[in-house]
Amino acid sequence: MYRHSEPKTQPMSLLTNEVLDRANREIDAAGRILVTSHWRPDGDAIGCVVALREVLRSLGKQVLAGLPDDVPGRYAFLANPEPIPNIVRDAQRLTAFQPDLVLIADTSAKGQVEPLWPFLQNCPARRLIVDHHVTHDIPAQAEMYDTTAGATGLVLLDWFTAAGWPINTVAASALFVSMATDTGWYRFSSADARMYRAAGRLIEQYGVKPNELYQQLFMQESPARMRLLGAMLAGLEMHANNQLAICTITREMFRATGAQYWETEDLINEPQRIGSVRVTALLIEEPDGKTRMSLRSKDTVNVAAIAQQFNGGGHERAAGARSESSPGAVKARIIEAVTKALANA
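Throughout what follows, the structure given in this document is the object of discussion. Throughout, a residue's number is its position along its own chain's written sequence, starting from 1. Restriction of local features to residues with pLDDT of at least 70 applies here, the model being predicted, together with a cutoff of 80 or more for giving and counting side-chain atom pairs; totals for whole chains, interfaces and linings are based on all residues. The side-chain figures draw on all heavy atoms in the structure; neither hydrogens nor water molecules are used.

The next subject is helix 8 (residues 193-206). Helix and strand labels come from DSSP, where a helix needs a run of H or I of at least four residues and a strand needs a run of E of at least two; each type is numbered from the N terminus. Multiplying 1.5 Å by the residue count of a helix minus one yields the expected span of that helix. Over its 14 residues, helix 8 runs 19 Å from end to end, which matches the ideal 20 Å to within 8%, given 1.5 Å per residue. Per-residue accessibility, obtained with a 1.4 Å probe over protein chains only, is compared with the maximum for each type, and a residue is labelled buried under 20%, exposed over 50%, and partly exposed between these values. When helix 8 is considered as a whole, its buried residues turn out to be Arg-194, Met-195, Ala-198, Ala-199, Arg-201 and Leu-202. Down the axis of helix 8, the sector holding all buried residues measures 155°, keeping them to one side. What makes two residues a contact is simply this: any of their non-hydrogen atoms within 4.5 Å. Tucked into the core, helix 8 has its buried residues touching helix 6 (152-163) and helix 7 (169-182). An arc is given here, and it is the one of the directions from the helix axis to the C-beta atoms.

Below you can see the structure in the form of structure tokens.
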């Protein structure tokens, strides 16, 4: 694999030949593969599903690429001309497919595949997981974890390269979006030298056009999203000596602005512009009254550990969870947990 020729001081993949061989055997033995990821899909999840669909079909596999949720409008262009279906809503299509392998990308946490979990529990197909998160509790016959990778798309690119599988333009663009969105368009600390080399390879070898992708992703916002951003920032709260910024988006705010729930992606990053802020929290009241929370950390606070207190998880610097409680009740617990973590960091 190409990584063997890199200097030892450079970030390297954790994928061993044994791990790669086991994953390859699962693919070789499968004829019908269900490719999926987590609900509330982001760019990494959608990019991985699209890339896997393209590459696995080039190997002659029958592939159903679907998600346990709708694809946010921002990412719809990635899957064209074949949209990624919501396979929970289209349960008949899912049941009729009868996969002999389920490939789950960008998550290995039961809570993140909750709408699909009843099907997965009863499905006799083998499971292969490809992920870069530290939180995982889904059992599988084969697992490909690389927690040093800034995105699961980078893990896939390493895998495809090692296996010598063809990557078409659609797959390459999807992998670039996967890596770019999970690293804040290559500005987070997870955008290391390995990540930049991979991005350069996708541009040079596969003709990916970052400027066009950026335009599609971030320069097509709706007026409703802008109104929602304004409403969110109007309610900004500062705690823990201005080191914690908390924002709340309520159901009423969605009604008043006309914004869709998927349009909340990346809004949590806005309060991080404040110099004193080390942790940001965004609480979103969902249609059923439950609360979805996102957490971000600038430096040493491990927000994945905080998310685990709510049965969530993620990365040390980016994590999330879902609670049965109201945003107000969750906020009080978040303030307490983050304040304690800041004191101990």
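From this point, the narrative continues.
A few words now on unusual backbone geometry. Of note, the bond from Asn-80 into Pro-81 is cis; its omega dihedral lies within 30 degrees of zero at 5°. Looking at the element boundaries, Pro-81 is found in the loop between helix 3 (76-79) and helix 4 (91-97). Although it is not a glycine, Gln-98 sits at a positive phi angle of roughly 50°. Relative to the helices and strands, Gln-98 is located in the loop between helix 4 and strand 3 (101-105). Not every positive phi belongs to a glycine, and Asn-311 is a case in point at roughly 65°. The residue Asn-311 is located in the loop between helix 12 (303-308) and strand 10 (313-314) in this model.

Take the packing of aromatic side chains next. Side-chain rings of Phe, Tyr and Trp (the six-membered ring for Trp) are treated as a pair once their centres are within 6.5 Å; stacked means planes under 30 degrees apart, edge-to-face means over 60, and tilted covers the remaining angles. In this structure the tally under the stated criterion is 11 aromatic pairs. Plain terms: the ring middles of Tyr-214 and Phe-218 are 5.0 Å apart, the flat faces sit at 50° to each other, and that makes the pair tilted. One end of the pair, Tyr-214, and the other, Phe-218, are both in helix 9 (residues 210-218), four residues apart, so they sit about a helical turn from each other. Given a relative accessible area of 34%, Tyr-214 falls into the partly exposed group. Taken together, the ring pairs in this structure connect Phe-176, Trp-185, Tyr-186, Tyr-196, Tyr-214 and Phe-218 into an aromatic cluster. By the criterion adopted, a ring carries a charge over it if an Arg CZ or a Lys NZ lies within 6 Å of its centre and within 35 degrees of its normal. Stacked on the ring of Phe-97, the Lys or Arg Arg-32 has its end atom at 4.4 Å from the ring centre.

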